[in-house]
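# Examining the three-dimensional arrangement
Here is what each chain is made of, one letter per residue.
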Amino acid sequence: MEYRIEHDSMGEMKVPADRLWAAQTQRSHQNFKIGVDIETMPREITHAFGILKKAAALANAELKPEKMTAQKLAAISQACDEVISGSLNDHFPLVVWQTGSGTQSNMNANEVIANRANQIAGEKLCHPNDDINMSQSSNDTFPTAMHISAVLAIEDKLLPAVGTLIETFRRLEAENEGIVKSGRTHLQDATPIKFSQEISGWRASLEKDVELLKLAVKPLHELALGGTAVGTGLNAPAGFSELVAKKVAELTGKPFITAENKFHALTSKDELVFAHGAIKATACDMMKIANDVRWLASGPRDGLGEIHIPENEPGSSIMPGKVNPTQCEAVTMVAVQVMGNDVAVGMAASQGNFELNVFMPVATYNFLQSARLLAEAIVSFNVNCAVGITANKDKMYHNLHNSLMLVTALNPYIGYENAAKTAKKAFKDNISLKEACVELGFLTAERFDEVFHPEQMV
């Protein structure tokens, strides 16, 4: 491999000649061989750094034009656009398990953008610290990247995914209106319910999750940028905080604003915890929905078998013809991962000391994994399972009319205790509710038929 020599405040470093990073990135790359090529800093963070570095250059060009010249701005902006597009991802090799402030990833961005800007300009025009990091610190850029990436993950990935599944359930509600089935509580037979009502519960749960996610994403629009090292804004010009937030908003189309209190913005991660709570709530509902679907589809002969779901792949290497509810299983595994991630995010957020939290990489890694996995799992579940759900009307009818809990309809006519006796006798003697009720002398056969209408119990 060919190398070039780069230097930083600690001295010279050999850097692969074909890479845009410089000495500080190389030091991190060599010193933190933990999860290399596996737990790389999320690409959402790389993307966010491209946005915030361009926004900072634009703000500096207005506030410090003598330092951020038009020539520098043009070269930096183009380099940042390449970072944003993902075309320079190979030049961001650092892992999550590094300094807890994310300083090395901030410098990775500074070095890559500076070297790429110099290539574009055709001369040694930009310095990583003096130009790309102008008016900034790792301590305010990394939390800013966290918020930008979190907002984009929720608003552009997770919310659209949930919305699509909501529409699928809304369609299924309409298609299955009028089909009555047995309800179930405690995994035991309960009173009847319309299948469309059951689906509406799934839909409404997700609609509530959308409300919670939209509520939780609002605090994430506040950016730490401008607080610099400890929140005082040292080395940033007056008005930089507000202007750079405005530039980020313009670049993303999102209503980003500067955080009112930078001391809070640098050390507290409560907004991330709150937002991840909404993600976890969505995961909990998806766990419930996926479990409902696979229970209802269980069988094909020895389970509930009340719905059919798409058959996507063979389910066993030894049992011919077996097909499993694999999309449901994927969703439930992702839900478990999100719930575990919530613990990591919360514990990381609790570790702020004085003017900085130094658990930020692990917090954002888990947050972004949750948002990405859940969004992709919901899309997969919708496309490969939910859209193809159909009712097994015959099985629903059989289970409904075989349910002992239909006896609840008799409460107004024979009382709770007599109704309980009827249900127990029917179960013990393996006879119908009608037969049990008549044999016990609670109602005549004719009167039973007059008052007993399962389809009207919904």
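Residues numbered from 1 in each chain as written. Predicted model: local features only at pLDDT ≥ 70, side-chain atom pairs only at ≥ 80, totals over all residues. Heavy atoms only, no water.

### Quick notes on the layout of surface pockets
Of the volumes computed, that of the largest pocket is approximately 630 Å³. For the largest pocket, the lining is made up of 21 residues, of which Arg-184, Leu-187, Gln-188, Asp-189 and Leu-304 are closest to its centre. For the lining of the largest pocket, the secondary-structure elements that each account for two or more residues are strand S3 (180-185), strand S4 (188-194), helix H10 (270-296) and helix H13 (393-401). Tallying contributions element by element places S3 first for the lining of the largest pocket, with five residues. For the lining of the largest pocket, the residue count by class is six nonpolar, eight polar and seven charged. By volume, the second largest pocket amounts to about 460 Å³. Lining of the second largest pocket is provided by 18 residues; of these, Ala-297, Gly-299, Pro-300, Glu-311 and Val-323 occupy positions nearest its centre. (1 Å grid on protein atoms, 1.4 Å probe; cavity = no way out; pocket = protein on both sides within 12 Å on 5 of 7 lines; lining within 4 Å. Points joined across faces, edges and corners; volume = space filled by probe spheres on them. Helix = DSSP H or I, 4+ residues; strand = E, 2+ residues; numbered from the N terminus. Nonpolar A, V, L, I, M, F, W, Y, C, P; charged D, E, K, R; others polar.)

### Structural notes on the pattern of salt bridges
One pass over the structure, following the stated rule, counts 26 salt bridges. Two residues, Lys-157 and Glu-44, come together in a salt bridge whose shortest N-O distance is 4.0 Å. In this pair, Lys-157 sits in helix H6 (residues 138-175) while Glu-44 sits in helix H2 (residues 43-63), placing the two residues 113 residues apart along the sequence. Among the residues examined, Lys-157 registers a relative accessible area of 40% and is labelled partly exposed. Between Lys-181 and Glu-306 there is a salt bridge, and its shortest N-O distance comes to 3.2 Å. (Salt bridge = Lys/Arg side-chain N within 4 Å of Asp/Glu carboxyl O. Buried < 20%, exposed > 50% of the residue type's maximum accessible area, 1.4 Å probe, protein only.)

### Side note on the packing of helix H3 (residues 70-85) against helix H4 (residues 103-121)
The N-to-C vectors of H3 and H4 enclose an angle of 120°; their axes lie 8 Å apart at closest approach. Taken together, H3 and H4 sit at an angle that is classed as oblique. Regarding H3 and H4, the two cross each other, and that crossing is right-handed. The residues of H4 that touch H3, namely those facing Ala-75, Ile-76, Gln-78, Ala-79, Cys-80, Glu-82 and Val-83, are Ile-113, Arg-116, Ala-117, Ile-120 and Ala-121. Residue classes in the contact of H3 with H4 are distributed as nine nonpolar, one polar and two charged. (Axes fitted to C-alpha atoms, helices over the stretch in contact; angles between N-to-C directions. Parallel < 35°, antiparallel > 145°, perpendicular 65-115°, else oblique. Left-handed = near helix turned anticlockwise from the far one by under 90°. Contact = heavy atoms within 4.5 Å.)

### Concerning the environment of Asn-106
Following the sequence through the fold, Asn-106 ends up in helix H4. Judged by its relative accessible area of 0%, Asn-106 falls in the buried class. A sequence separation of 155 residues divides Asn-106 from Asn-261, and the C-alpha atoms of the two residues are 22 Å apart.

### Some words on the packing of aromatic side chains
Any two aromatic rings considered together are summarised by their centre-to-centre distance and by the angle between their planes. Summed over all chains, the structure comprises four aromatic pairs. Directly above the ring of Tyr-3 sits Lys-14, whose terminal nitrogen or CZ lies 4.6 Å from the centroid. (Phe/Tyr/Trp six-rings, centres within 6.5 Å; stacked < 30°, edge-to-face > 60°. Lys NZ or Arg CZ within 6 Å of the ring centre and 35° of its normal.)

### Focus on the packing of H10 against helix H11 (residues 326-349)
Contact geometry of H10 with H11 gives a least axis separation of 8 Å together with a crossing angle of 160°. With respect to each other, H10 and H11 are oriented roughly antiparallel. Crossing of H10 against H11: the hand is left-handed.

### Examining the pairing of S3
In this structure, S3 lies alongside S4, joined through five bridges in antiparallel fashion. Residue pairing for S4: Lys-181 is matched across the bridge by Ile-193. (Pairing = 2+ DSSP bridges.)

### Here's the deal with H11
Between the first and last C-alpha of H11 there are 34 Å, a value that for 24 residues agrees with the 34 Å anticipated at 1.5 Å per step. Of all the positions in H11, only Gln-327, Cys-328, Val-331, Thr-332, Val-334, Ala-335, Val-338, Asn-341, Asp-342, Val-345, Ala-348 and Ala-349 are classed as buried. Where the residues of H11 are buried, they touch H10, strand S8 (352-353), strand S9 (356-357) and helix H12 (360-384). (Expected span 1.5 Å × (residues − 1).)

### Observations concerning the environment of Pro-192
Structurally, the position occupied by Pro-192 is in strand S4. Expressed as a C-alpha distance, the spacing of Pro-192 and Glu-455, which sit 263 residues apart in the sequence, is 7.5 Å. Those residues in contact with Pro-192 that lie beyond four places of it in its chain are Val-180, Lys-181, Ser-182, Gly-183, Leu-400, Leu-406, Pro-454, Met-457 and Val-458.

### What about the environment of Ala-61?
Inspection of the secondary structure puts Ala-61 in helix H2. Using a relative accessible area of 17% as the deciding quantity, one classes Ala-61 as buried. With 322 residues separating them along the chain, Ala-61 and Val-383 place their C-alpha atoms 47 Å apart. Other than its neighbours up to four places away in sequence, Ala-61 contacts Met-68 and Leu-73.

### Focus on the side chain of Asp-131
Considering the arrangement of structural elements, one finds Asp-131 in helix H5 (residues 128-132). Excluding its chain neighbours within four sequence positions, the residues that come into contact with Asp-131 are Lys-67, Met-68, Lys-72, Leu-125 and Cys-126.

### Brief notes about the nonpolar core
Core analysis: the largest hydrophobic core is formed by 105 residues, its most contacted members being Phe-169, Val-293, Phe-367 and Phe-381. The biggest single contributor to this core is H6, with 17 residues. When near neighbours in sequence (up to four residues on either side) are disregarded, Phe-367 contacts Ala-150, Ile-154, Leu-220, Leu-272, Ala-275, His-276, Ile-279 and Val-345. Counting residues in hydrophobic clusters, the runner-up holds 16 residues, among them Leu-400, Leu-406, Leu-433 and Phe-448. (Core = buried A, V, L, I, M, F, W, Y, C linked by side-chain atoms within 4.5 Å.)

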